[in-house]
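# Geometric and topological summary
Residue strings, one per chain:
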Amino acid sequence: MPSIAARKSFEIPLIVQMLACSFLWGGAFILLKLAGTALSPLALTAVRGLMGGSLIAVWMIVSGHNILPRGREMRDWVVLGFLQGVVPNSLTAYALTEISAGLTSMIQASTPLVVAVLAQALFASERLTPKVALGLATGFGGMVLLIGPAALGADNVSLRGVGAVAIVAVSYALGNLYVRGIPGAQPVRLALGQQLFSGLPTFAVMIYLGNLSAFSPALDNLPLLLVLGVFGTALPIVLYMNILKKAGPTIGSMNGYFLPPWTIILGFVLLGEPVSLREIIATAIVLGGVAIVSLKTEMLLIACRRLVAIFYPRRSGKVA
């Protein structure tokens with residue numbers, strides 16, 4: 001378990017890793033939209049898992065690493081593949097048939113809050129300090145402002161759909177906490193196992209159902225799916241496992257707060273989708289929440305003083 005001093009030394013790189021990881025995952029949504037693939041949710045989960053796991057395995061082999069599971073790794077890989085792959089991907093796909101995408105996203109955004117509550121009972125080092133609580137609440141408030149109108153606009157809300165996404169949030173939270181409890185784990189090996197054991201079970205289900213033809217549309221979008229496998233799957237999952245090991249589950253899970261803002265920004269840049277003032281303000285609030293949690297108090301004070309100097313130059317005086 002890293003000491004507090006060790007964690008502080010990673011604070012600046014940590015937020016950069018979170019931005020990079022969420023940027024890549026946000027870009028994955030755009031790649032899927034551009035691909036326009038007709039793959040079913042289970043087929044897509046299988047393709048992404050197997051492709052991501054294979055790419056990580058190839059990189060490890062070229063780098064001279066052993067890709068076979070060692071010690072307790074097989075158990076860890078199966079658990080992570082189930083909690084962070086099979087369950088969330090399958091139930092999210094089901095939920096989207098029952099409730100709106102906005103409501104689905106907003107419920108999933110509660111994952112950091114679920115992690116914070118569960119971590120209190122499991123890890124003494126994950127105590128919910130006032131600073132962390134303020135950051136979590138601020139980030140979630142930004143998510144509500146960002147996604148809330150789409151979520152609240154639904155006339156009929158399916159309890160089955162809401163329940164499915166609630167299970168997704170808990171599943172992600174349990175996966176994050178499980179990573180925290182693995183002693184001496186290497187993030188790249190966790191990413192390898194999580195991807196393989198997300199793709200293998202879903203691929204087996206497709207074979208059992210006799211529905212291999214569902215994979216045929218992948219050939220029509222192979223270049224985009226390869227880009228998705230490298231930049232939207234393999235790289236971000238390695239980064240995310242590293243974030244969880246360095247920062248712990250409470251702070252690491254806030255990486256999910258960045259996804260909708262990145263998706264909106266990339267949609268504007270690449271697809272020309274409009275961005276509203278509400279979305280800009282909500283994104284700023286989300287970034288503020290993550291900054292509160294991940295940056296040193298001194299740095300936050302300096303940032304606040306500079307913001308005051310920009311908006312109220314006469315009142316702020318000389319500010320560093």
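Residues numbered from 1 in each chain as written. Predicted model: local features only at pLDDT ≥ 70, side-chain atom pairs only at ≥ 80, totals over all residues. Heavy atoms only, no water.

### So, the overall build of the protein
Heads up, the rule is: Numbering goes from the N terminus for both helices and strands, where a helix is a DSSP run of H or I of at least four residues and a strand is a run of E of at least two. Burial here depends on accessible area, computed with a 1.4 Å probe over protein chains only, as a share of the maximum for the residue type. Under 20% is buried, over 50% is exposed, and the range in between is partly exposed. When checking whether two residues touch, look at their non-hydrogen atoms; a contact exists if any pair is within 4.5 Å. Only the protein chains shown count as cover for residues, and the accessible areas themselves come from Shrake-Rupley with a 1.4 Å probe.
The number of helices and strands found in the protein is 16 helices and 0 strands. Relative to its full complement of 320 residues, the protein shows a buried share of 46%. Nonlocal contacts in the protein, meaning residues at least 24 apart in sequence, comprise 87% of its contacts between residues at least 6 apart. Of the roughly 15900 Å² that the protein leaves accessible, carbon and sulfur atoms contribute 72%.

### A few points about the confidence of the model for the protein
To keep it simple, the criterion reads: A residue's pLDDT is the confidence the predictor assigns to it, expressed on a 0 to 100 scale.
The share of residues in the protein with pLDDT of 70 or more is 78%, and the mean pLDDT across the chain is 77. Residue range residues 1–12 is modelled with pLDDT below 50. Its contacts to residues more than four positions away, or to other chains, number 18 contacts. Contacts from residues 316–320, a stretch scored under 50 in pLDDT, to residues over four places away or in other chains number 6 contacts.

### Remarks on the pattern of salt bridges
Short version of the rule: Any carboxyl oxygen of Asp or Glu that lies within 4 Å of a side-chain nitrogen of Lys or Arg is treated as forming a salt bridge with it.
The tally for this structure, following the rule as stated, stands at 2 salt bridges. Residue Arg72 pairs with Asp76 through a salt bridge whose shortest N-O separation is 2.8 Å. Judged by relative accessible area, Arg72 falls into the partly exposed class, the value being 31%. For Arg189, the salt bridge goes to Glu73, with nearest N and O atoms at 2.6 Å. Of the two residues, Arg189 is situated in helix H9 (residues 187–208) and Glu73 in helix H4 (residues 73–95); the sequence distance between them amounts to 116 residues. Residue Arg189 shares its accessibility class with Glu73, and that shared class is buried.

### Structural notes on a nonpolar patch on the surface
Let me state the cut-off plainly: Within this analysis, patches are made of residues with over 30% relative accessible area and no salt bridge. Like charges are joined at 9 Å or less; nonpolar side chains (Val, Leu, Ile, Met, Phe, Trp, Tyr) at 5 Å or less.
The grouping of Leu145, Ile265, Phe268, Val269, Leu270, Leu271, Val275, Leu277, Ile280 and Ile281 at the surface amounts to a nonpolar patch, some 880 Å² of accessible area in total. Of all the secondary-structure elements, those providing two or more residues to the nonpolar patch are helix H13 (259–271) and helix H14 (277–294). A total of 5 residues in the nonpolar patch trace back to one element, the largest contributor, which is H13. On the secondary structure map, Leu277 appears in helix H14.

### Topic: the packing of aromatic side chains
Defined as follows: Any Phe, Tyr or Trp ring, taking Trp's six-membered ring, that has another such ring centre within 6.5 Å forms a pair; planes under 30 degrees apart are called stacked, those over 60 apart edge-to-face, and the others tilted.
One pass over the structure, following the stated rule, counts 4 aromatic pairs. Ring plane angle 75° and centroid distance 5.0 Å describe the contact between Phe23 and Trp262, whose orientation is recorded as edge-to-face. Here Phe23, found in helix H2 (residues 11–35), pairs with Trp262, found in helix H13; they are 239 residues apart in sequence, far enough to count as distant. A residue is classified by how much of its surface remains accessible, and Phe23, at 36% relative accessible area, is partly exposed. Aromatic side chains Trp25 and Tyr240 sit 5.3 Å apart centroid to centroid with 65° between the ring planes, which places their arrangement in the edge-to-face category. One end of the pair, Trp25, is in helix H2; the other, Tyr240, is in helix H11 (residues 222–247), and 215 residues separate them in sequence.

### A closer look at the side chain of Thr45
Topologically, Thr45 is positioned in helix H3 (residues 41–62). The class of Thr45 is buried, set by a relative accessible area of 8%. Excluding anything up to four places from it in sequence, Thr45 contacts Asn89, Ser198, Gly199 and Thr202.

### So, the packing of H4 against H9
Short version of the rule: Only the stretch in contact is used when fitting a helix axis, every axis being a line fitted to C-alpha atoms; angles between N-to-C directions are given from 0 to 180 degrees. Any angle between 65 and 115 degrees counts as roughly perpendicular, while under 35 counts as roughly parallel, over 145 as roughly antiparallel, and the rest as oblique. The crossing is said to be left-handed when, going from far helix to near helix, the turn is anticlockwise and less than a right angle, and right-handed when the turn is clockwise.
The geometry of H4 relative to H9 is characterised by a closest axis approach of 7 Å and an angle of 60° between their N-to-C directions. Here H9 runs oblique to H4, going by the angle between their axes. In the packing of H4 onto H9, the handedness of the crossing is right-handed. For the pair H4 and H9, the contacting residues are Glu73, Met74, Trp77, Val78, Leu80, Gly81, Phe82, Gln84, Gly85, Val86 and Asn89 in the first and Arg189, Leu190, Leu192, Gly193, Gln194, Phe197, Ser198, Pro201 and Thr202 in the second.

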